Amino acid sequence: MSTWVAFFVLAALAVGSALGLVLRRNPIHGALFLVVNLGSVAGLYLMLGAEFLAAAQVIVYAGAIMVLFVFAIMVLIPGKEETGPDPRRAVRLLAPPLGALLCLLLAFVVARGTGAPAGAAPPAPATLGALGRLLFTRYLFPFELTSVLLLAAMVGVLLLARKRGS
Amino acid sequence: MSLGAYLTLAALVFAIGLFGVLTRRNAVGILLGIELMLNAVNINLVAFARFHGDVAGLVFTLFTIAITVAEVAVGLAIVIVIFRVRRTVDADRLDLLRG
């Protein structure tokens, strides 16, 4: 019973902040709504027994990525960009029906899906130890590739962001 | 709690993210919508990992988070460079490659 209440509170927070993100025009409000959304999703991870991922979510997303977003918004000041008449209003009016259609399709797939384990979840395994063991044995190669990806991203960003001609 | 509840929530958040990507005019807003969609995918992966009792889903979620960080860093750097050159972040006006 209490898990349902917690789930519905977190789900309402997640959906409400997502709606706030897409409906508010000001991008800085969007970034702050994204923080609320990421926090409530971290709560959902806790409910699902993934404590390490909840912590990683808060540290990486709500910490690092949000600082990056807020910094970029402050540098660019794009708050005044979305004013004036919309030159592509006709195309943009298609977005609500397309979003609703995708939502309906996904809900249909979820409702009709077979092979899903019915009922309550099995007792949570000792996830953190199992996660670490799996990460450093079976998924060691993708794990190391991730570090190469992050290095490549870092070098690419430095290359993009330096002053021209220097 | 059932698996379907989590999957429905993730579908809802994913569709809202798609709506945001389609309606936003400035590039930073589009990146925010993409964040929302990736987050919905993560909910799915963690829910599957829990209800199937398979920890591999959590490993995939970790990889998704790392890839998202790289995507946001590179994406925002590109937006800043575009702003430096064109003085705009309006995605509608960035149509140099239009045929």
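A. Quick look at the confidence of the model for chain A. Predicted confidence across chain A gives a mean pLDDT of 84, with 85% of residues reaching 70 or more. When pLDDT is averaged over each element of chain A, helix α7 (residues 140-161) of chain A comes out on top at 92 and helix α4 (residues 89-92) of chain A at the bottom at 77.

B. Representation of a nonpolar patch on the surface in the model. Residues and elements named next belong to chain A. On the surface, a nonpolar cluster with roughly 480 Å² of combined accessible area is contributed by M1, V5, V9, L13 and V36. Broken down by element, the nonpolar patch gets its largest block of residues, 3 residues, from helix α1 (residues 2-23). By secondary structure assignment, the location of V5 is in helix α1. A relative accessible area of 44% means that V5 is categorised as partly exposed.

C. The interface of chain B and chain A, seen in detail. If you look at the interface, chain B gives 69 residues, while chain A gives 81 residues. Both sides of the chain B and chain A interface together cover about 7000 Å² of buried area, and 76% of this is carbon and sulfur. Along the contact surface separating chain B from chain A lie 0 salt bridges. Taken together, the connections running from chain B to chain A amount to 9 residue pairs in polar contact (both at pLDDT 80 or more). When contributions to the side of chain B that touches chain A are tallied by element, the ones reaching two or more residues are α1 (3-23), α2 (27-52) and α3 (56-86) of chain B. Element by element, the count of residues in the side of chain B that touches chain A is highest for α3(B), at 25 residues. Classifying every residue of the side of chain B that touches chain A gives 47 nonpolar, 12 polar and 10 charged.

D. Broad picture of the environment of I28(A). Residue and element names in this part refer to chain A. Its place among the elements puts I28 in helix α2 (residues 27-47). Taking the C-alpha atoms as reference points, I28 and I73, 45 residues apart in sequence, are found 6.7 Å from one another. Ignoring any residue separated from it by four or fewer positions in sequence, one finds I28 in contact with V70, I73 and M74.

E. Structural detail: empty space enclosed by the protein. Overall, the coordinates contain 1 cavity of 30 Å³ or more when judged by the stated rule. By volume, the largest cavity is sized at about 70 Å³. Around the largest cavity sit 11 residues that line it, and L48(A), T127(A), A49(B), R50(B) and L58(B) are the ones nearest its centre. Here the element with the most residues in the lining of the largest cavity is α2(B); it accounts for 3 residues. In the lining of the largest cavity, the residues fall into 7 nonpolar, 2 polar and 2 charged.

F. Spatial organisation of the layout of surface pockets. Of the pockets and cavities examined, the second largest pocket occupies roughly 250 Å³. L135(A), F143(A), T146(A), L62(B) and A66(B) are, among the 16 residues lining the second largest pocket, the residues nearest its centre. Contributing elements (two or more residues each) for the lining of the second largest pocket: α3 (51-76), α6 (127-136) and α7 of chain A together with α3 of chain B. Of the residues forming the lining of the second largest pocket, the biggest block, 5 residues, is contributed by α3(B). Taken together, the residues of the lining of the second largest pocket sort by class into 13 nonpolar, 3 polar and no charged. Residue-level mapping places the lining of the second largest pocket at the junction of two domains, with at least three residues from each of domain 1 (2-79 + 91-122) and domain 2 (126-166) of chain A.

Conventions we followed
- Residues numbered from 1 in each chain as written.
- Chains lettered and ligands numbered in written order.
- Predicted model: local features only at pLDDT ≥ 70, side-chain atom pairs only at ≥ 80, totals over all residues.
- Heavy atoms only, no water.
- pLDDT = per-residue confidence, 0-100.
- Helix = DSSP H or I, 4+ residues; strand = E, 2+ residues; numbered from the N terminus.
- Patch = residues over 30% accessible without salt bridge, like charges linked within 9 Å, V, L, I, M, F, W, Y side chains within 5 Å.
- Areas by Shrake-Rupley, 256 points an atom, 1.4 Å probe, with all protein chains shown as cover.
- Salt bridge = Lys/Arg side-chain N within 4 Å of Asp/Glu carboxyl O.
- Buried < 20%, exposed > 50% of the residue type's maximum accessible area, 1.4 Å probe, protein only.
- Contact = heavy atoms within 4.5 Å.
- Buried area = accessible area lost by both parts, 1.4 Å probe.
- Polar contact = N/O pair within 3.5 Å; in protein donor to acceptor, adjacent residues only side chain to side chain.
- Nonpolar A, V, L, I, M, F, W, Y, C, P; charged D, E, K, R; others polar.
- 1 Å grid on protein atoms, 1.4 Å probe; cavity = no way out; pocket = protein on both sides within 12 Å on 5 of 7 lines; lining within 4 Å.
- Points joined across faces, edges and corners; volume = space filled by probe spheres on them.
- Domains from an automatic or database assignment.

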